[in-house]
Amino acid sequence: MDKLSNISKFKAACPYLGRTKTSTIRTLCTSVSPRYPTLSKLTEKAAQCPVMGHALTVRSSQMVAGYASLAGAAEFNKIPEHQGIKPSAADASKCPHASKAIAAARMAEELASAKKGKATKTSVAAAAAAKAAASPVGCPFHVDANAPSTSEAKPKAPIPGGFDYEKFYADELEKKHKDASYRYFNNINRMASKFPIAHTGDPKDEVEVWCANDYLGMGNNPVVLETMHRTLNTYGHGAGGTRNIAGNTGMHLALEAEVATLHRKPAALVFSSCYVANDATLATLGQKLPGCIYFSDSMNHASMIQGMRHSGAKRVIFKHNDLEDLEMKLAQYPKETPKIIAFESVYSMCGSVGPIAEICDLAERYGALTFLDEVHAVGLYGPRGAGVAEHLDYELHQRAGQSPDPIKGTVMDRVDIITGTLGKAYGAVGGYIAGSPDFVDMIRSYASGFIFTTSLPPVNMAGARASISYQKEYNGDRQLKQLNVRNLKSQFESLDIPVIPGPSHICPVLIGDAALARLASDTLLEKHNVYVQAINYPTVARGEERLRFTVTPGHNVEQIARLAKAVDGVFTELGIKRTSDWAKLGGHAGVGVADAKPVEPIWSDKQLGLLDGTAPRVLHTGQKGVIDARAVRVTREKFEDLLGPYVEPVAAVDALKADLSLAAAPLTASIPAAVAAASPA
């Protein structure tokens, strides 16, 4: 029941499903029962149904008493014949959600019999039937359709003569359901030891994750986890307050220094998320700069749009990546008027890349600041992972190594303000800005989104810094990710799967219909154990709904091949338009466009190591990814001032045995083993 999603086709057969809102069923399906932790609330309710009750697993002795057994024939007579439900165990197996549970239910009965010693399957079923018959609680699915439910929360009655707030909430939600833009949150729990595998609400139900923004798998990198454990043992969990009161720690200052050197900028400031960083920074700049005008790319992220709105400054929108349109609009205002061009490097839903160097040219010509969001690029591009701005001068930055000094004339040096996230490629949480010292200090001093919020805990700061440090030293994860991206896009294209063309790591597959996108996502999860979230309005325009696949270095060749086959099968099963179908319609969202020029990826063959044989090896089933020993050593050394020298795992194990403290032994021990396992034979 954890992956119950497409329930509309069962509404005609079940009175309860027929009268209950889809949103309510979704909530019940994804909420854990407080009485039975292994069940969802919907499963608990279904246990009281005379049809579903027989098929569901007998979880415990308490649950047995609540089931309506097939032995209770009287209960089945209550089911209306016109519903087409037949009162037999054989027919119960026809239910798509019950069939898998029947075997488990029988096993549970046998276990119960074995535990009691003398009891038999029949006696267990008879006991359940007797208890169900004696219970004053009838089948909850056959009450009057207009009768209020006693088990669901009742909306608060409006004050006589007052506004009906609950009705307003319900009506607004119904609008989302009608246009298929309602967002469903799946219960997906990524497993550190099995990346990129996760489990659903049932820990035994494992799926492959194909849409996470932990692009490099740094959320389970052993040196990151080790550093976080050491920090947790040293400084505890919480931050203690805002940065101004008690939340300004050495970990915060060290992380900001790490970010500044990453972008070769003199200063940086860390926020609780990059949404907050963008919102607070743009709002503050627009409020403080006299007569400021924003020039915003039409596909900018919501956080940037919100920040510009909050500023109260004028906002001029230019067509996506259209330099002519941007210049035409810049030219309409005097050069001395404060202007900010706000744009992104990698646009996450379509995979396009902003013309950063050319926008810098226009900014210098018309007296504007450049505000570049590198959220979906940091960690993934450039020889040290500083983003697309660094990647555009790849060789220069590669030769400069880890020098914090700016390289004059490079694209990254020309950008005035860079924002990035710690929550995607770096696998942590938080966001940041980087720029000149006075700019950063002004935002620190005026931005309410920074001043009046509790700072991130030291443990999170340490994990983020360790991740940045590791990726600055090791380029292999970025290269392997791009090789896997090329592989997946190639397989999709060979199967006529409509990949929206783009030069980045984003792999968006066009569906073109909100309900169909949701159904495709559900079908991949239910039938193929593939988790990829549907992207609908308002994240993308109506009619451009899609599945957005993200490949990581941890996905192996066999997994990529299985995914391509699964998506191909779902396209056939659901009749989703392929590239050739869009081409017949003249093309749409960049798919099937006649005489379209091929899109060259940002990473060249040379940068990937394909020309000189230095490219990282792709993974196959059972193989583990590389943990770079030098990057681990450099990262550990950076924390010696705050955490002390790294202690070998044996000592940590001895300490753990001595005082039962929260030592980091299991994690630290995993690093040498991982390095050894990944080393060439």
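Small disclaimer: the values here were computed from a predicted structure and weren't measured.

## With respect to the packing of aromatic side chains
Moving on, step 1. In the structure shown here, the tally under the stated rule is nine aromatic pairs.
Moving on, step 2. Residues Phe271 and Phe450 carry aromatic rings whose centres are separated by 5.5 Å and whose planes lie at 70° to one another, so their mutual orientation is edge-to-face. Residue Phe271 is found in strand 4 (residues 267-271), and its partner Phe450 is found in helix 21 (residues 448-451); the two are separated by 179 residues along the sequence.
Moving on, step 3. Given the relative accessible area of 3%, Phe271 is considered buried.
Moving on, step 4. Taking relative accessible area as the criterion, Phe450 reaches 9% and is therefore assigned buried.
Moving on, step 5. Where Tyr394 meets Trp603, the ring centres are 5.7 Å apart and the plane angle is 75°; that geometry is what we call edge-to-face. Here Trp603 lies in the loop between helix 26 (579-584) and helix 27 (629-638) and Tyr394 lies in helix 18 (residues 394-400), a separation of 209 residues in the sequence.
Moving on, step 6. In this structure Trp603 comes out as buried when scored by relative accessible area, which is 1%.

## Description of unusual backbone geometry
Moving on, step 1. Cis peptide bonds are those with omega within 30 degrees of zero, and the linkage from Phe195 to Pro196 qualifies with 5°.
Moving on, step 2. Looking at the secondary structure, you find Pro196 in the loop between strand 1 (189-190) and strand 2 (197-199).
Moving on, step 3. Looking along the chain, the bond that leaves Tyr537 and enters Pro538 is cis, with omega of 10°.
Moving on, step 4. Here Pro538 shows up in the loop between strand 13 (534-535) and strand 14 (546-549).
Moving on, step 5. Not every positive phi belongs to a glycine, and Asp496 is a case in point at roughly 65°.

## Notes on the packing of helix 22 (residues 458-473) against helix 27
Moving on, step 1. Running from N to C, helix 22 and helix 27 point in directions that differ by 140°, and their axes come no closer than 9 Å. Classed by the angle they form, the pair helix 22 and helix 27 counts as oblique. Crossing of helix 22 against helix 27: the hand is right-handed. Contacts from Arg465, Ala466, Ser469, Tyr470, Lys472 and Glu473 in helix 22 reach Arg630, Ala631, Val632, Val634, Thr635 and Lys638 in helix 27.
Moving on, step 2. In the contact of helix 22 with helix 27, the residues fall into five nonpolar, two polar and five charged.

## Section: the confidence of the model for the protein
Moving on, step 1. Per-residue confidence for the protein gives a mean pLDDT of 84; residues scoring 70 or more make up 75%.
Moving on, step 2. Overall, residues 658-670 carries pLDDT values under 50, and its contacts beyond four positions in sequence, including any with other chains, amount to 25 contacts.
Moving on, step 3. Every residue in residues 672-681 is under pLDDT 50, and counting partners more than four places away or in other chains gives seven contacts.

## Some details on the sheet that holds strand 4
Moving on, step 1. The seven strands lie next to each other as 4-10-9-8-7-5-6, forming an open sheet whose pairing is mixed. The sheet terminates laterally at strand 4 and strand 6 (314-318), the two strands that pair on one side only. The mean angle between the axes of side-by-side strands here comes to 20°, regardless of whether they run parallel or antiparallel.
Moving on, step 2. The pairing of strand 4 with strand 10 (residues 431-435) spans five bridges and is antiparallel. What sits directly across from Ala268, in strand 10, is Ala434.
Moving on, step 3. Sheet strands touched by helix 14 (residues 302-311): strand 5 (293-297), strand 6, strand 7 (339-344) and strand 8 (368-373). Its angle to strand 7, the strand with the most contacts, is close to 160°.

## Structural notes on the nonpolar core
Moving on, step 1. One finds Phe295, Ile341 and Ile356 to be the most contacted residues of the largest nonpolar core, which totals 68 residues.
Moving on, step 2. Split by domain, the residues of this core number at least three in each of domain 2 (189-217 + 476-608) and domain 3 (251-472).
Moving on, step 3. Dropping the residues within four chain positions of it, Ile356 is found in contact with Phe343, Ser345, Leu372, Val388, Ala389, Leu392, Val411 and Val415.
Moving on, step 4. By size, the runner-up hydrophobic cluster in this structure holds 32 residues, among which are Trp210, Leu524, Phe549 and Ala566.

## Describing the environment of Asp513
Moving on, step 1. Along the chain, the position of Asp513 falls in the loop between strand 11 (507-510) and helix 24 (514-528).
Moving on, step 2. The partly exposed category is assigned to Asp513, whose relative accessible area is 36%.
Moving on, step 3. When the C-alpha atoms of Asp513 and Gly543 are compared, they prove to be 5.6 Å apart, with 30 residues separating the residues in sequence.

## A closer look at the side chain of Thr419
Moving on, step 1. Along the chain, Thr419 falls in strand 9 (residues 417-421).
Moving on, step 2. Overall, the relative accessible area of 0% leaves Thr419 in the buried class.
Moving on, step 3. If we ignore the near neighbours within four places in the chain, the residues touching Thr419 are Cys274, Asn278, Phe371, Leu372, Asp373, Glu374, Val375, Tyr432 and Ile433.

## Comments concerning helix 23 (residues 476-494)
Moving on, step 1. When the terminal C-alpha atoms of helix 23 are compared, their 27 Å separation across 19 residues agrees well with the 27 Å that a helix rising 1.5 Å per residue should span.
Moving on, step 2. Once helix 23 ends, the next one or two residues include Asp496, with phi positive near 65°.

Parameters and conventions
- Throughout, a residue's number is its position along its own chain's written sequence, starting from 1.
- The predicted nature of this model means local features are confined to residues of pLDDT at least 70 and side-chain atom pairs, given and counted, to a pLDDT of 80 or more, with totals for whole chains, interfaces and linings taken over all residues.
- For side-chain calculations, the full set of non-hydrogen atoms in the structure is used, while hydrogens and water are omitted.
- Classification of ring pairs uses Phe, Tyr and Trp, with its six-membered ring standing for Trp, and accepts pairs whose centres are within 6.5 Å; under 30 degrees between planes counts as stacked, over 60 as edge-to-face, and the remaining range as tilted.
- Counting from the N terminus, the helices are DSSP H or I runs at least four residues long and the strands are E runs at least two residues long.
- Working definition: with a 1.4 Å probe on protein chains only, accessible area under 20% of the residue-type maximum means buried, over 50% means exposed, and in between means partly exposed.
- To obtain each axis, a line is fitted to C-alpha atoms, and for helices this fit is confined to the stretch in contact; angles are then taken between N-to-C directions over 0 to 180 degrees.
- With respect to orientation, any angle under 35 degrees is reported as roughly parallel, any angle over 145 as roughly antiparallel, any angle of 65 to 115 as roughly perpendicular, and every other angle as oblique.
- For any pair of crossing helices, the crossing counts as left-handed if the nearer helix is rotated counterclockwise from the farther one by less than a right angle, and right-handed if it is rotated clockwise.
- Contacts were defined at the residue level, with two residues in contact if any of their heavy atoms lie within 4.5 Å.
- Under the grouping applied here, Gly and all other residues not named as nonpolar or charged are polar, the nonpolar ones being Ala, Val, Leu, Ile, Met, Phe, Trp, Tyr, Cys and Pro and the charged ones Asp, Glu, Lys and Arg.
- On a scale of 0 to 100, pLDDT captures the predictor's confidence in every residue.
- The rule for pairing is simple: two strands pair if DSSP sees at least two bridges between them.
- Take the buried Ala, Val, Leu, Ile, Met, Phe, Trp, Tyr and Cys residues and link them wherever side-chain atoms come within 4.5 Å; each set so joined is a nonpolar core.
- These domain boundaries are the output of an automatic or database domain assignment.
- In this analysis, the expected span of each helix is defined as 1.5 Å times one less than the number of residues it contains.

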